[in-house]
Amino acid sequence: MLIDSFGRQITYLRISVTDRCNFRCVYCMPPQGVPYVPHERIMRYEEIAALVAVAARLGIRKVRITGGEPLVRADLPRLVQMISAIEEIEDISLTTNGILLEKYAGALAQAGLKRVNVSLDTLNAEKFTKITRGGNLENVLRGIAAAEVCGLTPIKINTVIMRGINDDELVDLAKLTLKHTWNLRFIELMPIENQQSWGEGFPPPEQIFMPVSEVMALLQPLGLEPAILENDSGPARPYRLKGGMGTVGFISPLTEQHFCQRCNRIRLTADGHLRPCLMSGLEIPVLPALRAGKPIESLLEEALQKKPAGHQLASHISPNGRCMIQIGG
Ligand code: SAM
Ligand code: SF4
């Protein structure tokens, strides 16, 4: 078992497979983009799978693939297949912006992927293009439908809460769960390298944060009630609207006092760093050891021992200059 120095059991590994993306979401990266890591410094699939095999022997049971946009990396189903062949791994899922999901959902499901999380912050096509700096809403909705047809369910939808941008739509977004079996999750905006202007037509970044409590208040008239999700140890607190087929969850890293106490995960960046906490700059390079054929157990254990008790987001301490796209969310 992997237990960190605060007694938390770590069973979940989030793997970023690329720092590249076909969107440029306003909260995730600056308008000019970020310099890409050269290909030779990005972990190869064989290296990722080798690391997962060791981590699984030590106690990792769930893997999530993320990015950047994971589906821009060539032949992602091959990696999914390699990871699902590792006996101890019980669950493998993917977080995606959905734009390429229609194309890849079938191959991903066949390779052993269990579920997808799709990011969706608005139902307004024009606004969607603005938030993502170029994305197309229709393609994403088709991607979600394809994932459902292929059985990559239950579908989770990630919605970042943004005052003055999508707060007028949060009720409509939640109402999607009346007709769909989706688990929609409202996520508090994290101040990670996104405190500069988001560009024309957006409020100043310091005005955009809106706490989960306000969203819950907006949804109370729809009969919001606590729900139970099977096999769920994620950060979202699940609820259901009266008569809802799906659920509405709330992820509040900034306003939930004990958020970090429930943390069960570590991360691997696309350039091969173990990152014990999303919101701490602390990283342990693992790629040199892997490439030199050295054992990596001690590096995983070091990551666990160094995992901090919690984040310092309230003090606007940003993790070592990496944007969210370079960490994986
Ligand atoms: N490209 C994929 C996607 O968009 O789903 C995967 C990577 S993305 C970094 C992972 C998740 O992080 C997305 O759901 C995105 O909305 C969320 N995210 C990015 N920046 C964020 C921020 N500053 N605060 C909260 N969530 C953020
Ligand atoms: Fe790309 Fe996802 Fe970041 Fe948007 S949130 S820029 S889709 S990595």
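Notes on the structure in this doc start here. Because the structure is predicted, anything quoted here is derived from the model rather than measured. (Residues numbered from 1 in each chain as written. Chains lettered and ligands numbered in written order. Predicted model: local features only at pLDDT ≥ 70, side-chain atom pairs only at ≥ 80, totals over all residues. Heavy atoms only, no water.)

A look at the overall build of the protein chain
Part 1 of the argument: Along the backbone of the protein chain there are 10 helices and 12 strands.
Part 2 of the argument: Relative to its length of 329 residues, the protein chain is compact, with a C-alpha radius of gyration of 19 Å against a globular reference of 20 Å.
Part 3 of the argument: With the C-alpha coordinates of the protein chain rotated into their principal frame, the extents come out at 55 × 45 × 40 Å.
Part 4 of the argument: Looking at the protein chain alone, contacts between residues at least 24 apart form 74% of all its contacts between residues at least 6 apart. (Helix = DSSP H or I, 4+ residues; strand = E, 2+ residues; numbered from the N terminus. Rg over C-alpha atoms; globule rule 2.2 N^0.38 Å. Contact = heavy atoms within 4.5 Å.)

Focus on empty space enclosed by the protein
Part 1 of the argument: Inspection of every chain in the model, using the stated rule, returns one cavity of 30 Å³ or more.
Part 2 of the argument: Within this model, the largest cavity holds a volume of roughly 60 Å³.
Part 3 of the argument: For the lining of the largest cavity, the secondary-structure elements that each account for two or more residues are β6 (183-188) and β9 (247-251). (1 Å grid on protein atoms, 1.4 Å probe; cavity = no way out; pocket = protein on both sides within 12 Å on 5 of 7 lines; lining within 4 Å. Points joined across faces, edges and corners; volume = space filled by probe spheres on them.)

A word on the site of ligand 1
Part 1 of the argument: Taken together, 19 residues form the shell around ligand 1, and within it Gly 68, Glu 69, Ser 119, Asn 158 and Met 190 come nearest.
Part 2 of the argument: Here Asn 158 contributes a side-chain N or O atom positioned 3.1 Å from an oxygen atom of ligand 1.
Part 3 of the argument: In isolation ligand 1 offers 550 Å² of accessible surface; the protein chains occlude 95% of this area.
Part 4 of the argument: At the level of elements, β3 (91-96) and β5 (156-161) are the ones that each hand at least two residues to the shell around ligand 1.
Part 5 of the argument: Residue classes in the shell around ligand 1 are distributed as six nonpolar, 11 polar and two charged. (Near = heavy atom within 4 Å. Polar contact = N/O pair within 3.5 Å; in protein donor to acceptor, adjacent residues only side chain to side chain. Areas by Shrake-Rupley, 256 points an atom, 1.4 Å probe, with all protein chains shown as cover. Nonpolar A, V, L, I, M, F, W, Y, C, P; charged D, E, K, R; others polar.)

Points about the state of the cysteines
Part 1 of the argument: For the structure shown, the criterion picks out zero disulfides.
Part 2 of the argument: Looking at Cys 263, it has no disulfide partner, and the nearest cysteine sulfur is the one in Cys 277, 6.7 Å off. (Disulfide = S-S within 2.5 Å.)

A few points about the packing of helix α1 (residues 45-58) against helix α2 (residues 76-84)
Part 1 of the argument: The N-to-C vectors of α1 and α2 enclose an angle of 25°; their axes lie 9 Å apart at closest approach. Here α1 lies roughly parallel to α2, going by the angle between them. In this structure, the crossing between α1 and α2 has a hand that is right-handed. In this structure, α1 contributes Tyr 45, Glu 46, Ile 48, Ala 49 and Val 52 to the contact, and α2 contributes Leu 76, Arg 78, Leu 79, Met 82 and Ile 83. (Axes fitted to C-alpha atoms, helices over the stretch in contact; angles between N-to-C directions. Parallel < 35°, antiparallel > 145°, perpendicular 65-115°, else oblique. Left-handed = near helix turned anticlockwise from the far one by under 90°.)

Here we look at the pairing of strand β8 (residues 237-240)
Part 1 of the argument: In this sheet, β8 lies alongside strand β7 (residues 225-226) in antiparallel orientation, the contact comprising two bridges. Of the residues in β8, the one forming a bridge with Pro 226 is Tyr 239.
Part 2 of the argument: The pairing of β8 with β9 spans three bridges and is classified as antiparallel. Residue Pro 238 lies in a different strand from β9, and its bridge partner there is Gly 249.
Part 3 of the argument: Joining the antiparallel neighbours β8 and β9 is a turn of six residues, in which Gly 243 adopts a positive phi near 80°. (Pairing = 2+ DSSP bridges.)

Brief notes about α2
Note that an α-helix has 3.6 residues per turn; residues three or four places apart therefore point the same way.
Part 1 of the argument: Taken together, the buried positions of α2 are occupied by Leu 76, Pro 77, Leu 79, Val 80 and Ile 83. Burial along α2 is one-sided: seen end-on, the buried residues are contained in an arc of 155°.
Part 2 of the argument: Summarising the contacts, the buried residues of α2 are in contact with β1 (12-16), α1, β2 (62-66), β3 and α3 (101-111). (Buried < 20%, exposed > 50% of the residue type's maximum accessible area, 1.4 Å probe, protein only. Arc of directions from axis to C-beta.)

Quick look at the site of ligand 2
Part 1 of the argument: Within the structure, ligand 2 sits among Cys 21, Phe 23, Arg 24, Cys 25, Tyr 27, Cys 28, Met 29, Gly 68, Asn 97 and Ile 325.
Part 2 of the argument: Class assignment for the residues of the shell around ligand 2 results in seven nonpolar, two polar and one charged.

Re the nonpolar core
Part 1 of the argument: Judged by nonpolar contacts, the single largest core of 105 residues is most densely connected at Tyr 27, Phe 186 and Phe 250.
Part 2 of the argument: With eight residues, the top contributor of residues to this core is α1.
Part 3 of the argument: Beyond its immediate stretch of four places on either side in the chain, Tyr 27 contacts Asp 121, Ile 131, Val 160, Met 162, Leu 189, Ile 192, Asn 194 and Trp 198. (Core = buried A, V, L, I, M, F, W, Y, C linked by side-chain atoms within 4.5 Å.)

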